[in-house]
2 protein chains.
Amino acid sequence: MVNIVIDMMGGDNGFKATSEAVKTFLENNNDTFLTLVGNKEDIEIFKDYKNVKLVESETVVKMDADPMAALKDTKSSLMVAVKELLDNNYDAIISAGSTGALLTAGIFKVKRIEGIKRPGLITSFPTLLGDKKTVVIDLGANLVNTSEELHQFAKLGKIYYSLAYKVEKPTVYQLNNGTEEEKGRDINKEAFELLKNDESINFCGNIEARDVLSGSADVVVTDGFSGNIFLKATEGGVKAMSKLLKEAFKKNVATMIGYLFLRGAVKDLKAKMDYKNVGGAMLIGLNKIVVKAHGNSDPQSFLSAINLTKKLAEQNIVEKIKGEI
Amino acid sequence: MVNIVIDMMGGDNGFKATSEAVKTFLENNNDTFLTLVGNKEDIEIFKDYKNVKLVESETVVKMDADPMAALKDTKSSLMVAVKELLDNNYDAIISAGSTGALLTAGIFKVKRIEGIKRPGLITSFPTLLGDKKTVVIDLGANLVNTSEELHQFAKLGKIYYSLAYKVEKPTVYQLNNGTEEEKGRDINKEAFELLKNDESINFCGNIEARDVLSGSADVVVTDGFSGNIFLKATEGGVKAMSKLLKEAFKKNVATMIGYLFLRGAVKDLKAKMDYKNVGGAMLIGLNKIVVKAHGNSDPQSFLSAINLTKKLAEQNIVEKIKGEI
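A brief report on the enclosed structure follows.

1. So, the overall build of chain A
Along chain A, the regular secondary structure elements total eleven helices and eleven strands. When the backbone C-alpha atoms are referred to their principal axes, chain A occupies close to 60 × 60 × 35 Å. A buried classification covers 58% of the 325 residues belonging to chain A. In chain A, of all internal contacts separated by at least 6 residues, the share reaching a separation of at least 24 is 69%. For chain A, the computed accessible surface area is about 13400 Å², with 49% contributed by carbon and sulfur atoms.

2. Focus: the pairing of strand β10 (residues 281–284) of chain B
Residues and elements named next belong to chain B. Covered by surrounding structure in β10 are A281 and L283 together with M282 and I284, the residues of both alternating faces. Relative to β10, strand β5 (residues 120–126) runs antiparallel, the two being bridged by three bridges. Of the residues in β10, the one forming a bridge with G120 is I284. Here β10 folds back onto strand β11 (residues 289–292), and the loop between the two strands holds four residues, one of which, G285, carries a positive phi near 115°.

3. A few points about the interface of chain B and chain A
Across the contact, 47 residues belong to chain B and 47 residues belong to chain A. Roughly 4500 Å² is buried in total at the junction of chain B and chain A, and carbon and sulfur atoms are behind 76% of that figure. Summed over the three residues of chain B that lose the most area to chain A, namely R210, F225 and M241 of chain B, the buried surface amounts to 16% of that side. Inspection of the region where chain B meets chain A yields six salt bridges. Linking K232 of chain A and E208 of chain B is a salt bridge whose minimum nitrogen-to-oxygen distance equals 2.4 Å. Our count for the contact surface shared by chain B and chain A stands at ten residue pairs in polar contact (both at pLDDT 80 or more). Listing elements by their share of the side of chain B that touches chain A, those giving two or more residues are α8 (224–249) and α9 (253–273) of chain B. The element best represented in the side of chain B that touches chain A is α8 of chain B, accounting for 21 residues.

4. Points about helix α10 (residues 299–314) of chain B
All names here are of chain B. The end-to-end C-alpha distance of α10 is 22 Å, a good match for the 22 Å that 16 residues give at a rise of 1.5 Å each. Those residues of α10 not exposed but buried are S301, F302, L303, S304, A305, I306, L308, T309, K310, L312 and A313. N316, located one to two residues past α10, shows a positive phi value of around 55°.

5. Digging into the pattern of salt bridges
Counted under the stated rule, the structure contains 34 salt bridges over all chains. The salt bridge involving E149 of chain A is made with R118 of chain A; its shortest N-O contact spans 3.9 Å. Of this pair, E149 of chain A sits in helix α6 (residues 147–165) while R118 of chain A sits in the loop between α5 (99–110) and β5 (120–126), placing them 31 residues apart in sequence. Taking the shortest distance from any N to any O, the salt bridge between E324 of chain B and K158 of chain B comes out at 3.6 Å. A residue pair is termed long-range when its members are at least 10 positions apart, and E324 of chain B in helix α11 (residues 317–324) and K158 of chain B in helix α6 (residues 147–165) qualify at 166 residues.

6. With respect to the pairing of strand β7 (residues 171–175) of chain A
All names here are of chain A. The element β7 is extensively covered by neighbouring structure, given that five of its five residues are classed as buried. The side-chain alternation of β7 yields two buried faces, one formed by T171, Y173 and L175 and the other by V172 and Q174. With four bridges connecting them, β7 and strand β8 (residues 202–207) associate as parallel partners. Bridge pairing in β8 places T171 opposite N202. Each parallel crossover has a hand, and for β7 linked through helix α7 (residues 186–196) to β8 it is right-handed.

7. A short note on the packing of aromatic side chains
The description of an aromatic ring pair uses the distance of the two centres, along with the angle that the planes make with each other. Residues and elements named next belong to chain A. Under the defined criterion, the tally for this structure stands at 15 aromatic pairs over all chains. With centroids separated by 4.6 Å and ring planes inclined at 40°, the aromatic side chains of F249 and Y259 adopt a geometry described as tilted. Of this pair, F249 sits in helix α8 (residues 224–249) while Y259 sits in helix α9 (residues 253–273); the two residues are ten residues apart in sequence, bridging distant segments of the chain. Under the relative-accessibility criterion, F249 is labelled buried at 5%.

8. Thoughts on the environment of D268 of chain B
Of note, D268 of chain B is situated in helix α9. Overall, D268 of chain B belongs to the partly exposed group, its relative accessible area being 44%. A distance of 2.7 Å separates a polar atom in the side chain of D268 of chain B from a polar atom in the side chain of K251 of chain A.

9. Side note on a negative patch on the surface
A contiguous patch of negative charge on the surface is contributed by E41, E44, E56 and E58 of chain A. Along the chain, E56 of chain A falls in strand β3 (residues 52–56).

10. Brief notes about the nonpolar core
One finds F230 of chain A together with F230 of chain B to be the most contacted residues of the largest nonpolar core, which totals 102 residues. Ignoring sequence-local partners within four residues, the contact set of F230 of chain B consists of I229 and A233 of chain A together with F125, V136, L175, A209 and V212 of chain B.

11. Overview of a positive patch on the surface
All names here are of chain A. A contiguous patch of positive charge on the surface is contributed by K239, K243, K246, K250 and K270. For the positive patch, the leading source of residues is α8, giving three residues. Take K250: it is sitting in the loop between α8 and α9. For K250, a relative accessible area of 58% translates into the label exposed.

12. A look at α5 of chain A
Residue and element names in this part refer to chain A. Within the span of α5, buried status applies to A101, L102, L103, T104, A105, G106 and V110. The inward-facing, buried residues of α5 contact α3 (67–72), α4 (77–87), β4 (92–95), β5, β10 (281–284) and β11 (289–292). For α5, the capping residue at the N-terminal end is S98, with a side-chain oxygen 3.5 Å from the backbone nitrogen of G100. Immediately beyond the C-terminal end of α5, within one or two residues, lies K111, with a positive phi of roughly 70°.

13. Focus on the relation of the copies chain B and chain A
The two copies are related by a screw motion: chain B maps onto chain A through a turn of 180° and a shift of 0.0 Å along the axis, at an RMSD of 0.1 Å. Here the two chains are linked by the operation of a two-fold rotation axis. Rotation axis and chain B: the residue whose C-alpha lies nearest the axis is G258 of chain B, separated from it by 1.8 Å. Taken as a fraction of all interface residues of chain B, those also at the interface in chain A reach 100%, which identifies the copy contact as same-surface.

14. Comments concerning the packing of α8 of chain A against α9 of chain A
Residue and element names in this part refer to chain A. Contact geometry of α8 with α9 gives a least axis separation of 10 Å together with a crossing angle of 165°. Relative to α9, the element α8 lies roughly antiparallel. For the crossing formed where α8 meets α9, the hand is left-handed. The segment α8 lies against α9, with V238, S242, L245, A248 and F249 engaging T255, M256, Y259, L262, V266, K270 and M273.

Rules and cut-offs
Residues numbered from 1 in each chain as written. Chains lettered and ligands numbered in written order. Predicted model: local features only at pLDDT ≥ 70, side-chain atom pairs only at ≥ 80, totals over all residues. Heavy atoms only, no water. Helix = DSSP H or I, 4+ residues; strand = E, 2+ residues; numbered from the N terminus. Buried < 20%, exposed > 50% of the residue type's maximum accessible area, 1.4 Å probe, protein only. Contact = heavy atoms within 4.5 Å. Areas by Shrake-Rupley, 256 points an atom, 1.4 Å probe, with all protein chains shown as cover. Pairing = 2+ DSSP bridges. Buried area = accessible area lost by both parts, 1.4 Å probe. Salt bridge = Lys/Arg side-chain N within 4 Å of Asp/Glu carboxyl O. Polar contact = N/O pair within 3.5 Å; in protein donor to acceptor, adjacent residues only side chain to side chain. Expected span 1.5 Å × (residues − 1). Right-handed = clockwise from strand over helix to strand, strands pointing away. Phe/Tyr/Trp six-rings, centres within 6.5 Å; stacked < 30°, edge-to-face > 60°. Patch = residues over 30% accessible without salt bridge, like charges linked within 9 Å, V, L, I, M, F, W, Y side chains within 5 Å. Lys, Arg positive; Asp, Glu negative; His and termini not counted. Charge placed at Lys NZ, Arg CZ, Asp CG, Glu CD. Core = buried A, V, L, I, M, F, W, Y, C linked by side-chain atoms within 4.5 Å. Least-squares fit on C-alpha atoms with pLDDT ≥ 70 in both. Axes fitted to C-alpha atoms, helices over the stretch in contact; angles between N-to-C directions. Parallel < 35°, antiparallel > 145°, perpendicular 65-115°, else oblique. Left-handed = near helix turned anticlockwise from the far one by under 90°.

Remember, this is a structural readout, not a statement about activity or role.
Shown next as structure tokens:
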């Protein structure tokens with residue numbers, strides 16, 4: 001049985017969001033063991049559930065906490081959860097709390113798999129091709145990377161995509177400032193060579209940031225700083241359009257009537273492009289599955305993160321990485 | 001009188017787009033001298049216009065041409081235009097052709113202003129604050145930059161914004177992976193220090209990519225590679241939303257009816273977010289005004305580029321930069 005530890009207090013919406021998600025998850029899954037970490041008076045509502053262990057914590061790491069300082073707050077829900085994970089050799093941990101604190105705890109406590117140079121933050125993006133997803137790694141676990149690290153991200157991304165989406169030979173692209181082979185900085189040119197010459201990877205060349213959401217790529221590899229810019233700029237573009245659309249609907253009586261006819265379709269559209277529905281981001285390359293749910297998680301998005309984590313744990317993603325690196 | 005040289009053949013839509021734009025411009029401006037460079041049989045239609053000089057070229061640089069090779073094609077509309085600019089000491093050049101070729105010609109032929117370390121590509125982005133624009137520099141003229149170059153981009157961005165939008169002390173932000181002072185790579189931390197300590201710049205700290213379109217910043221400074229990712233990812237997010245919106249309208253009879261009521265408002269929204277309406281990007285820091293109109297320019301967007309160029313030339317942006325650097 002898969003064992004997942006959950007930080008119940010992290011995230012902007014804290015226990016309110018995580019508890020709803022956990023309830024729904026438990027109603028639909030009797031083959032997963034959850035360790036729920038949080039304030040005593042909160043988590044008590046789960047005391048009669050099966051396959052659940054409750055562990056008390058006292059504090060909550062703030063969303064903007066200094067990561068290294070957060071590591072020392074051993075009574076926080078995050079650090080108690082990390083301890084549970086390691087002491088009991090469980091499979092996975094999920095938190096919607098501070099990204100920096102979770103990444104730092106992951107790197108320093110859960111630690112890298114032997115042979116992994118740097119872990120990477122990986123998540124799925126919606127695309128214009130129906131349900132097809134594209135994963136991007138690294139989204140900001142690192143600031144600067146070498147070409148060898150980009151090469152390794154490609155391997156990690158490939159394993160992740162295969163397990164998450166049942167695709168045997170996912171296509172791999174490098175995020176770059178142009179599609180031609182000679183484009184980019186030295187690191188990009190070197191990585192292109194390494195990827196091109198690795199027969200285990202289905203490398204298809206460079207991709208520009210404007211084309212990622214079109215869905216042609218399965219896996220996109222980037223250094224962490226550029227990946228972070230990519231993630232947030234994409235989000236900014238989508239959010240700006242959403243806001244302007246909302247204003248357009250409110251413009252006058254005619255547009256308000258139009259909205260009545262379009263409500264459902266527009267809701268679907270917004271849900272599709274909502275980064276909260278992708279199931280969180282995994283810090284991949286560590287000895288355990290470490291999943292960061294979105295800080296602004298609602299019950300639905302936190303539930304997606306638990307479901308994704310279960311899927312990856314059942315397929316032994318960590319062991320598969322150890323086998324391939 | 002301001003003198004502008006125009007490459008009439010560059011761009012995906014070539015003479016068809018540029019000629020319409022030039023006609024409209026000439027109808028509304030009798031205080032600007034235009035040198036139009038292109039195929040003899042094409043440009044002849046302008047022979048009876050006032051304040052126009054026609055110069056023949058024979059070839060056209062391909063959109064994906066190798067920039068250094070393009071420099072040697074001295075009979076191309078781009079290189080003939082560059083020669084006209086320099087031989088006659090005109091003020092500005094505009095081309096919708098190959099970005100790489102124009103940037104390379106700008107750097108090697110038009111050359112940097114003394115004291116400028118690296119020129120930067122600068123353009124305006126629409127924001128959620130009505131007509132307010134935010135400019136970002138560098139969007140990809142460079143691959144790797146130093147913190148001193150970022151500092152200089154801030155000075156160039158400030159001058160550009162002041163002249164283009166009549167704002168005396170534009171706010172300057174650094175594009176980074178977080179807003180806190182200690183965020184980012186070494187180059188970002190160093191640039192933060194330089195910007196903070198320069199009293200001539202109204203530096204307001206770091207900004208994340210997701211917040212640029214909100215319009216809080218006047219000028220955003222970034223290295224060229226990250227800027228290029230930012231530009232294209234933003235464009236990708238906006239384009240994806242536009243496509244999904246189009247699909248939503250076509251979903252069923254109800255949504256099609258809804259669209260009839262919303263058509264005008266949605267058209268306004270798309271026009272607002274269309275990068276083609278911003279008037280092109282300037283390669284700033286050179287001895288002349290070098291403006292890259294969008295490769296996919298239609299008459300309206302090419303006209304915006306001519307209008308912007310005239311505005312910057314009338315205000316002597318090159319002399320102002322020389323005075324401040």
